[in-house]
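These are the residues of each chain, in order.
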Amino acid sequence: MKKVVRVVGARPQYMQVPILKQKLVEQGVKHILIHTGQHYDSIMTGELAQELGLGEPDINLKVGSGTHANQTAQIMIRLEAALLEIAPDFVIVDGDTNSTLATALVTSKLRIPLLHVEAGIRDFDRDRPEEINRILTDHACELNAAPIPRALDNLRHEGLADKSELTGDLLLDNFIHFETKADSSVFKSLGLKERGYNLITLHRPENTDVANVLRFKEILSFIAKTGLPSVFPFHPRITGLVADFKNDSSFAPIRFVPAVTYLQMLALVRGAQTVFTDSGGLSREAVWAGSKAMMFFKVDTWHDFLERGWAQIAKGNHATMEQALDRLTAAPPMASQALFGSGRASERIVQMLRSKGWI
Ligand code: UD1
């Protein structure tokens, strides 16, 4: 029996586990889940795993927070010991977090084959820790699963064509599966009317770090001026920042609430008039759900959305945010999911693993 280790660390990585796990188990593969402990709050780990039907991870490395070097190094040391003991046939890791990079470094030194899911995404902005994590992982691993054609093009340009395939986006497989279970009770508990509110999430350093507090304020005052009630479930990393703003009457239409569960978030995304976010995952889910997404990124990214008008990027000041929102309002609402593999990414990943003789 082949043994695979799937490594997760951050919430969005956890969300991508269930469907591919199920497909691998159907193929007779033994699936071992290692959580690095990069995220540790219950809403980001335990409660999430329960909603996803995953139960406890087989191993939790419990690294917690730290500087990038510290966190990455701690994951490496603990993951190396775990992998030496388990001796898997191969490892799978998703995305671009510090847990992703640590996994790539450890597996490449141990000579354990690694499949990188969500490979080839590029922002072309090295200020973002995720960009360097992705580039190094795409180069270190043995197989790359690209979610969209543009990601495969990026991998080809970097000379990685031989080990890269277009599979579709695993997040969409999970989105399609879990959307039917979305927890609509959240509308009642938060007093919201469907299509009568904005949804906000901001957590990236470029929008929320102490040094960028003016940017945070600018974004919030822009959203507050739209006049529509807005709900802002906040990531634990910005708890301190939110405490400074939540009683400020100039942001009155914005209601700050602690992070909600994944199934509540799916309901909120689907019911929102506009989703204001700096999360790549949430913007994709918003577009797939037929909502409008306005992304607060420093650089253009997810170009396929921008070109089709399904989402807009608001880089600059209030005036450019307003223009972006006008463009967004005028754009056609529903996006095709075909560009992202129509929910068949897990199937294609399994096919790829079989064709390479990994399973
Ligand atoms: C990480 C990923 C980011 C991803 C995000 C999803 C990296 C470099 N970044 O960012 O790509 O979009 O996860 O959520 O890996 N904290 C808590 N509780 C937790 C986890 C974190 O309070 O459960 C706080 C701590 O103060 C911590 C800070 O959040 O220092 C940052 O957490 P970290 O995991 O390092 O990065 P994220 O911002 O969550």
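Residues numbered from 1 in each chain as written. Predicted model: local features only at pLDDT ≥ 70, side-chain atom pairs only at ≥ 80, totals over all residues. Heavy atoms only, no water.

## Regarding the domain arrangement of the chain
So, step 1. What the domain assignment lists for the chain is domain 1 (3-168 + 344-355) and domain 2 (185-338).
So, step 2. On a C-alpha basis, the centres of domain 1 and domain 2 stand 27 Å from each other.
So, step 3. Counting residues at the interface gives 20 residues for domain 1 and 20 residues for domain 2.
So, step 4. For the domain 1 and domain 2 pair, buried surface summed over both sides reaches about 1,700 Å², with 51% attributable to carbon and sulfur atoms.
So, step 5. Interface area lost by domain 1 to domain 2 is led by Glu51, Arg128 and Arg150, which between them contribute 34%. (Domains from an automatic or database assignment. Contact = heavy atoms within 4.5 Å. Buried area = accessible area lost by both parts, 1.4 Å probe.)

## Brief notes about the site of the ligand
So, step 1. Around the ligand sit 18 residues, and of these Gln38, His39, Tyr40, Glu130 and Arg237 come closest.
So, step 2. Tyrosine 40 has a polar backbone atom sitting 2.8 Å from an oxygen atom of the ligand.
So, step 3. Summarising the interface, the protein chains cover 82% of the accessible area of the ligand, which totals 750 Å² for the free molecule.
So, step 4. For the shell around the ligand, the residue count by class is 5 nonpolar, 9 polar and 4 charged. (Near = heavy atom within 4 Å. Polar contact = N/O pair within 3.5 Å; in protein donor to acceptor, adjacent residues only side chain to side chain. Areas by Shrake-Rupley, 256 points an atom, 1.4 Å probe, with all protein chains shown as cover. Nonpolar A, V, L, I, M, F, W, Y, C, P; charged D, E, K, R; others polar.)

## A look at the pairing of strand 9 (residues 230-234)
So, step 1. Burial analysis of strand 9 places 5 of its 5 residues in the buried class, the great majority of the element.
So, step 2. Neither face of strand 9 is exposed, since Ser230, Phe232 and Phe234 on one face and Val231 and Pro233 on the opposite face are all buried.
So, step 3. As judged from the 2 bridges shared by strand 8 (residues 198-201) and strand 9, these two strands associate in the parallel manner. Each bridged residue has a counterpart across the sheet, and for asparagine 198 the counterpart in strand 9 is serine 230.
So, step 4. Across 5 bridges, the pairing between strand 9 and strand 10 (residues 254-258) is parallel. Opposite serine 230, over in strand 10, you have isoleucine 254 as the bridge partner.
So, step 5. Once the chain exits strand 9 it traverses helix 12 (residues 239-245) before rejoining the sheet at strand 10, and the crossover so formed is right-handed. (Buried < 20%, exposed > 50% of the residue type's maximum accessible area, 1.4 Å probe, protein only. Helix = DSSP H or I, 4+ residues; strand = E, 2+ residues; numbered from the N terminus. Pairing = 2+ DSSP bridges. Right-handed = clockwise from strand over helix to strand, strands pointing away.)

## Considering the packing of aromatic side chains
So, step 1. Under the definition given, this model contains 14 aromatic pairs.
So, step 2. An angle of 55° between the planes, with centres 5.3 Å apart, marks the rings of phenylalanine 90 and tryptophan 358 as tilted. Of this pair, phenylalanine 90 sits in strand 4 (residues 90-94) while tryptophan 358 sits in the segment after helix 17 (345-355); the two residues are 268 residues apart in sequence, bridging distant segments of the chain. No difference in accessibility class separates phenylalanine 90 from tryptophan 358, as the two residues are buried.
So, step 3. A centroid spacing of 5.6 Å and a plane angle of 50° characterise the contact between phenylalanine 245 and phenylalanine 251, whose relative ring orientation is tilted. Here phenylalanine 245 matches phenylalanine 251 in class, with each residue buried.
So, step 4. Within the aromatic cluster, the residues linked to one another by ring pairs are Phe175, Trp288, Trp302, Phe305, Trp310 and Phe340.
So, step 5. For the cation-ring pair, arginine 128 lies above phenylalanine 297, with the distance from its terminal atom to the ring centre recorded as 4.8 Å. (Phe/Tyr/Trp six-rings, centres within 6.5 Å; stacked < 30°, edge-to-face > 60°. Lys NZ or Arg CZ within 6 Å of the ring centre and 35° of its normal.)

## Quick word on the packing of helix 11 (residues 213-225) against helix 16 (residues 318-330)
So, step 1. Closest axis-to-axis distance for the helix 11/helix 16 pair is 10 Å, and the angle between their directions is 45°. Classified by the angle their axes make, helix 11 and helix 16 are oblique. Crossing of helix 11 over helix 16 shows right-handed handedness. Of the residues in helix 16, those in contact with Arg215, Glu218, Ile219, Phe222 and Lys225 of helix 11 are His318, Met321, Glu322 and Leu325.
So, step 2. Tallied by class, residues from the contact of helix 11 with helix 16 come to 4 nonpolar, 1 polar and 4 charged. (Axes fitted to C-alpha atoms, helices over the stretch in contact; angles between N-to-C directions. Parallel < 35°, antiparallel > 145°, perpendicular 65-115°, else oblique. Left-handed = near helix turned anticlockwise from the far one by under 90°.)

## Considering the sheet that holds strand 9
So, step 1. Reading across from one edge, 10-9-8-11-12-13 is the order of the 6 strands in this open sheet, with parallel pairing throughout. The open sheet terminates on both sides in strands that have one partner only, identified here as strand 10 and strand 13 (311-313). Taken over all neighbouring pairs, the strand axes of this sheet differ in orientation by 20° on average, direction set aside.
So, step 2. In the packing of helix 16 onto the sheet, the strands contacted are strand 11 (274-277), strand 12 (292-295) and strand 13, and the crossing angle to strand 12 comes to about 160°.

## So, the nonpolar core
So, step 1. Counting 55 residues, the largest nonpolar core has Tyr14, Tyr197, Leu199, Tyr262, Leu268, Trp302 and Phe340 as its most contacted members.
So, step 2. Elements with a contribution of two residues or more to this core: helix 3 (46-51), helix 7 (149-157), helix 8 (170-179), helix 9 (185-190), helix 13 (262-271), helix 14 (280-288), strand 12 and strand 13.
So, step 3. Looking at which element gives the most residues to this core, the answer is helix 13, with 7 residues.
So, step 4. Each of domain 1 (3-168 + 344-355) and domain 2 (185-338) contributes no fewer than three residues to this core.
So, step 5. Filtering out sequence-adjacent residues up to four positions away, leucine 199 remains in contact with Val231, Pro233, Met265, Leu268, Val269, Ala272, Thr274, Val275, Phe276 and Leu282.
So, step 6. Counting residues in each nonpolar core, the second largest holds 25 residues, with Ile223, Phe232, Val242 and Ile254 among its members. (Core = buried A, V, L, I, M, F, W, Y, C linked by side-chain atoms within 4.5 Å.)

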